[in-house]
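Spelled out, the chains give:
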Amino acid sequence: MNIVVSKDYEEMSQQAAEQIVQAVHAKPDSLLCFPGGDTPREIFRLLVQAAKDKRVDFSKATFVGLDEWAGLGREDEGSCIHFLYNQFYSPAGIPDSQVHAFNAKEDDLQAECDKIDAVINEHGGLDLILLGIGVNGHLGFNEPGVSFESHSHVSELDAVTSTVGQKYFKEQRVLSKGITLGIKHILNANSAILIANGPKKADAVFEAVKGPVVNTLPASVLQLHSNAHLFVDREAYAKVEKSH
Ligand code: PGA
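It should be emphasised that the depicted structure is a prediction, and the values quoted were computed from it without experimental measurement. Think of each chain on its own: its residues are numbered from 1, step by step along the sequence as written. Only residues with pLDDT of at least 70 are given local features in this predicted model, and only at 80 or more are side-chain atom pairs given and counted; all residues enter the totals for whole chains, interfaces and linings. The basis for the side-chain values is all heavy atoms of the structure; hydrogens and waters are excluded.

Let's shift gears to unusual backbone geometry. With a phi close to 60 degrees, Lys54 is a non-glycine residue in the positive phi region. In this structure, Lys54 sits in the loop between helix 2 (41-52) and strand 3 (62-65). Residue Lys54 is classed as exposed on the basis of its relative accessible area, which comes to 73%. Strands are runs of DSSP state E lasting at least 2 residues, helices are runs of H or I lasting at least 4, and numbering of each runs from the N terminus. Only protein chains enter the accessibility calculation, which uses a 1.4 Å probe; a residue whose area is less than 20% of its type maximum is buried, one above 50% is exposed, and one in between is partly exposed.

As structure tokens, this is what we get:
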């Protein structure tokens, strides 16, 4: 894993955004997977600015959403798709025709999994996947215990995910299920970028980087990826640093 430690969140975001810009330069028709969450907020702001300044051209790229809370859709504040449209797709001027996402409001979530798997297969896999890390080590909604063979699937959310996830919503919500790309999509992506900042991520980052590769800490699977990058600030890297 290529590891870039930055002094703070801003610098971490700049480094990661730059890597994404370079990937799109190298392959303008990339299939890119972006996550929701607080960590990528600044990266999206920088990518929107880069698109406005014409330093990157997303017009040939295709986007796929990483995951979604079961039962929520684009109009629901707190959903991943709502967040991605707000923070990135709309301000970057990306039309709906370039965006694929789970519609987690559908009754048949398995059909949504098949739909997204088909998009990824048609493109021959993801070119780049950007990932946050949960305090429990999850990637998307690949929760502790996930199979490393998984493609898109419906997952029972870990208690930590259900609790931490409340931060995205104005009112308390029951968050019991999610729909997500699988570990196989991550492993098969040409490049995987993991981002983490702040002290609350230090334990998960340590386990992901230094711990054994185990499905109880899904992010540890990135140790098996031949082109994985970790962009992290000092606080999130502190426990790894201490272990040296
Ligand atoms: P966060 O979420 O970016 O809001 O910390 C990351 C995650 O849980 O995957």
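Attention shifts here to the site of the ligand. By convention in this text, a residue qualifies as near a molecule or strand provided that one of its non-hydrogen atoms is within 4 Å of it. Contacts to the ligand come from Gly37, Asp38, Thr39, Gly132, Ile133, Gly134, His138, Lys167, Tyr168 and Lys201. Contacts to the ligand include Asp38, whose backbone N or O atom sits 2.8 Å from an oxygen atom. Within the contact set of the ligand, an oxygen atom lies 2.5 Å away from a side-chain nitrogen or oxygen of Thr39. Each accessible area is a Shrake-Rupley result for a 1.4 Å probe, and residues are judged covered by the shown protein chains and nothing else. In isolation the ligand has 280 Å² of accessible area, and contact with the protein removes 86% of it. Polar contact is defined as a pair of N or O atoms within 3.5 Å, subject to the rule that within protein one atom must be able to donate a hydrogen and the other to accept it, and that residues adjacent in sequence are counted only when both atoms are side-chain atoms.

Another point: a negative patch on the surface. Nonpolar side chains (Val, Leu, Ile, Met, Phe, Trp, Tyr) within 5 Å and like charges within 9 Å form the patches, drawn only from residues with over 30% relative accessible area and no salt bridge. For this document, the term salt bridge refers to a Lys or Arg side-chain nitrogen within 4 Å of an Asp or Glu carboxyl oxygen. Residues counted as positive are Lys and Arg, residues counted as negative are Asp and Glu, and His and the chain ends are not counted. Lys charges are placed at NZ, Arg charges at CZ, Asp charges at CG and Glu charges at CD. Judged by side-chain charge, Glu106, Asp107, Asp108 and Asp114 come together as a negatively charged surface patch. Positionally, Asp107 belongs in the loop between strand 5 (99-100) and helix 4 (109-122).

This part covers the pairing of strand 6 (residues 128-131). Here strand 6 shows a buried face lined by Leu128 and Leu130 and a second buried face lined by Ile129 and Leu131. Pairing between strand 2 (residues 31-34) and strand 6: two bridges, direction parallel. Pairing of Leu32 across the sheet is with Leu128, part of strand 6. Between any two strands, at least two bridges found by DSSP are needed for them to pair. Two strands pair when backbone bridges link them, and strand 6 and strand 9 (residues 191-196) are joined in this way by four bridges, in the parallel orientation. Along strand 9, the bridge assignment pairs Leu128 with Ser191.

Attention shifts here to the nonpolar core. Residues Leu126, Ile129, Leu131, Leu139, Leu181, Val205 and Leu222 are the most contacted members of the largest nonpolar core, which totals 39 residues. Broken down by secondary-structure element, the contributors of at least two residues to this core are strand 2, helix 4, strand 6, helix 6 (183-188), strand 9, helix 7 (202-210), strand 10 (228-233) and helix 8 (234-242). In terms of residue count, the dominant contributor to this core is helix 7 (five residues). Residues Val21, Ala92, Leu128 and Ile193 belong to the second largest nonpolar core, which totals 34 residues. The nonpolar core is taken to be a set of buried Ala, Val, Leu, Ile, Met, Phe, Trp, Tyr and Cys residues, with the residues joined through side-chain atoms within 4.5 Å.

Quick look at the state of the cysteines now. Defined by distance alone, a disulfide is two cysteine sulfur atoms within 2.5 Å. Applying the stated rule across the entire model yields zero disulfides. We note that Cys33 lacks a disulfide partner, and the nearest cysteine sulfur, in Cys80, lies 10 Å from it. Not part of a disulfide, Cys113 finds its nearest cysteine sulfur in Cys33, a span of 14 Å. The class of Cys113 is buried, set by a relative accessible area of 0%.

Turning next to helix 8. For helix 8, every residue scored as buried is listed here: Ala236, Tyr237 and Val240. Viewed end-on, helix 8 has its buried residues packed into an arc of 75 degrees, placing them on one side of the element. Residues of helix 8 that are exposed and point more than 90 degrees away from the buried face comprise Arg234 and Lys242. Of the surrounding secondary structure, the elements contacted by the buried residues of helix 8 are strand 1 (2-6), strand 9, helix 7 and strand 10. The arc in question is the one traced by the directions running from the helix axis out to the C-beta atoms. Contact between two residues is taken to exist if any of their heavy atoms lie within 4.5 Å; hydrogens are not considered.

With respect to the secondary-structure elements, Leu230 resides in strand 10. By relative accessible area, Leu230 is classed as buried at 0%. Once the C-alpha coordinates of Leu230 and Val5 are considered, the two residues, 225 residues apart in sequence, prove to be 8.1 Å apart.

With that settled, the discussion passes to the packing of helix 7 against helix 8. Here an angle of 0 to 180 degrees is reported between the N-to-C directions of two axes, which are lines fitted to C-alpha atoms, with helices fitted over the stretch in contact. Remark: helix 7 packs on helix 8, axes separated minimally by 7 Å, with the N-to-C direction vectors making an angle of 50 degrees. The orientation of helix 7 with respect to helix 8, classified from their angle, is oblique. Crossing of helix 7 against helix 8: the hand is right-handed. Facing helix 7, whose interface residues are Ala202, Asp203, Val205, Phe206, Val209 and Lys210, helix 8 presents Glu235, Ala236, Tyr237, Lys239 and Val240. Along the lines of polarity and charge, the residues of the contact of helix 7 with helix 8 split into seven nonpolar, no polar and four charged. With respect to orientation, any angle under 35 degrees is reported as roughly parallel, any angle over 145 as roughly antiparallel, any angle of 65 to 115 as roughly perpendicular, and every other angle as oblique. Throughout, a crossing is termed right-handed when the near helix is turned clockwise from the far one, and left-handed when it is turned anticlockwise from it by less than a right angle. Here the nonpolar group is Ala, Val, Leu, Ile, Met, Phe, Trp, Tyr, Cys and Pro; Asp, Glu, Lys and Arg are the charged ones; every other residue, Gly included, is treated as polar.

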